[in-house]
Amino acid sequence: MERANFGSKIGAILAAAGSAVGLGNIWRFPYEAGNHGGAAFILIYLGCVCLLGLPIMIAEFTVGRRSKASTGKAYSILAPDTQWKWIGYLGVLAGALILGYYSVVAGWTLEYIVEALGNGFAGKGAEDFVASFQSFSQDPVRPLVWLVVFLLATHFIVVKGVKKGIERSAKILMPMLFILILILAVCSMTLPNAGKGLEFLLKPDFSKVDQDVFLGAMGQAFFSLSLGMGCLSTYASYFGSETKLGKTALSVGVIDTFVAILAGFIIFPAAFSVGIQPDAGPSLIFITLPNVFQQAFGAIPYLPMLFSVMFYVLLALAALTSTISMHEVVTAFLNEQFGLSRSKAAVIVTSFCMILGVASSLSLGIWSEYTLFGLGCFDFLDFLTAKIMLPLGGLLVAVFVAWYLKRSVSYDEVTNYGLQKAPYFPVYMFILKYIAPVAIAMIFINELGWI
Ligand code: PFF
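**Some remarks on the pattern of salt bridges**
Right, so step 1: Across all of its chains, the model carries eight salt bridges by this definition.
Right, so step 2: Across the pair Lys-387 and Glu-32 runs a salt bridge whose closest N-O atoms are separated by 3.8 Å. One end of the pair, Lys-387, is in helix α16 (residues 377-404); the other, Glu-32, is in helix α2 (residues 23-35), with 355 residues separating them in the sequence.
Right, so step 3: For Glu-32, a relative accessible area of 4% gives the class buried.
Right, so step 4: One salt bridge in this structure joins Glu-413 and Arg-66, with 3.4 Å as the shortest N-O distance. Of the two residues, Glu-413 sits in helix α17 (residues 407-414) while Arg-66 sits in helix α3 (residues 39-67), which places them 347 residues apart along the sequence.
Right, so step 5: A relative accessible area of 29% places Arg-66 in the partly exposed class.
Right, so step 6: One connected set of salt bridges, linked through shared partners, spans Arg-65, Arg-66 and Glu-413.

Shown next, in the form of structure tokens:
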């Protein structure tokens, strides 16, 4: 059977960017930056994106397009009868675990859409937003309902086959999201006291940089770029032969980073403006943003409502393009590896993630006393995946492409069989071979205290 392809080069870029741009940029990036001191974290993050993220993304693209298979199968095709297949399996597991807790937050966006539609933010102040977020996220029922709704939406899209859907929706939604967050960033920066937020964002305070910042920034880079779990390598298996791997990686990296930084320009001025600490954690955007809408547009009736609804709808859709990409990796694996039909495979994935999601959601409320290594289920899954599994997956992909695959295979993929120039090739291989593995290993060893 002819393997489906994305219809165009720009379609390939936008689909990969659709996976990359999600809650990681707008929800996770600001609170990680807030927890780790702002501008200094952001600089280290940018370093991680350029030095580790982009080369590893090209490596994942190489694996996917060369094998023309999802990540669960790709390594068995490129390296038959070896243990390299475990890179694929590790990625599949990471995908399922991330989907479990990510869907909880994706579900929150739905609650906020409904709340905004009912004009529920009107007349509220900062304390009210804090209180209502706390009571909602700790509620034993409401977040679970939204979690289930969100997972079912992901489920049905994946079952229906996503290639056309992913590409087409990404082409419309990505530019819309972009424009809206630009408008919001401008509004946020004009709020009273916004200057303190800008300072936090732009003036690095290196005294705040401890070991933890490096692991945080590296984990965030992998998470945000959808790297280390074979998601982008699976998408690359749908790339046409004319898609340029280097250029696509650069475009995805730039779009993803731009959205994250813009999210920072919305959140921090807004947080400082209403006196909310930037290290408020996962609740940060759900508290500050409704406030921005109220304060910036409150003078005109219904305008805050309009902006809130639009923002949370786009956030939910950005999350959806990401959850689809994770679900697809796991479903394709069960389908190809065990011969299950796609719909049966998808049912297993959705059910598994619902169980994880319920445990994650309840760990923020009535199950908060059940912990593993001192972390509740939600925090534990976030730590395990973003800070351990994804960087480890990235390290293994780098080693696989640089040390196992023939150099000519990498060269052929990067140059589209010699049709394109890739003057960066020697630098790229050098980074993959030495710098990325050593840097990731060093960060691990330092942070996790393995020696
Ligand atoms: N990159 C996505 C985000 O920033 O929201 C999250 C994600 C998607 C992580 C797909 C990993 C993945 F494979």
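**Regarding helix α9 (residues 194-202)**
Right, so step 1: For α9, the full list of buried residues reads Ala-194, Gly-197, Phe-200 and Leu-201. What you see down the axis of α9 is that its buried residues fit within an arc of 115°, all on one side.

**Some points on the environment of Met-354**
Right, so step 1: If you trace the backbone, Met-354 turns up in helix α15 (residues 342-362).
Right, so step 2: Here the alpha-carbon distance between Met-354 and Gly-100, two residues 254 residues apart in the chain, equals 6.5 Å.
Right, so step 3: If we ignore the near neighbours within four places in the chain, the residues touching Met-354 are Leu-147, Val-148, Leu-151 and Leu-152.

**Considerations on empty space enclosed by the protein**
Right, so step 1: Evaluated as defined, the whole model comprises three cavities of 30 Å³ or more.
Right, so step 2: By volume, the largest cavity amounts to about 140 Å³.
Right, so step 3: If you trace the largest cavity, you find 19 residues lining it, with Ser-19, Tyr-102, Phe-223, Ser-226 and Met-326 closest to the centre.
Right, so step 4: The set of elements that each furnish at least two residues to the lining of the largest cavity consists of α1 (9-20), α2, α5 (85-117), α10 (211-224) and α14 (303-338).

The rules behind the values
- Residue positions are given per chain, counting from 1 as you read along its sequence in written order.
- Note on the predicted model: pLDDT of at least 70 is required for a residue's local features to be given, and 80 or more for side-chain atom pairs to be given and counted; whole-chain, interface and lining totals, by contrast, use all residues.
- Only hydrogens and water are set aside; all other atoms, that is, all heavy atoms of the structure, feed into the side-chain values.
- Salt bridge criterion: a side-chain nitrogen from Lys or Arg within 4 Å of a carboxyl oxygen from Asp or Glu.
- For helices the rule is a DSSP run of H or I covering at least 4 residues; for strands it is a run of E covering at least 2, with both sets numbered from the N terminus onward.
- A simple rule labels every residue: compare its accessible area, found with a 1.4 Å probe on the protein chains alone, to the largest value its type can have, and call it buried under 20%, exposed over 50%, or partly exposed in between.
- Each direction from the helix axis to a C-beta atom contributes to the arc, which is the arc of those directions.
- Throughout, a residue-residue contact means that at least one pair of heavy atoms, one from each residue, lies within 4.5 Å.
- A pocket, in this scheme, is an open set of points on a 1 Å grid over the protein atoms alone with protein on both sides within 12 Å along at least 5 of 7 lines, while a cavity is a set where a 1.4 Å probe fits but cannot get out; residues line either one if an atom lies within 4 Å of a point.
- Grid points are joined across faces, edges and corners, and a volume is the space filled by probe spheres set on the points.

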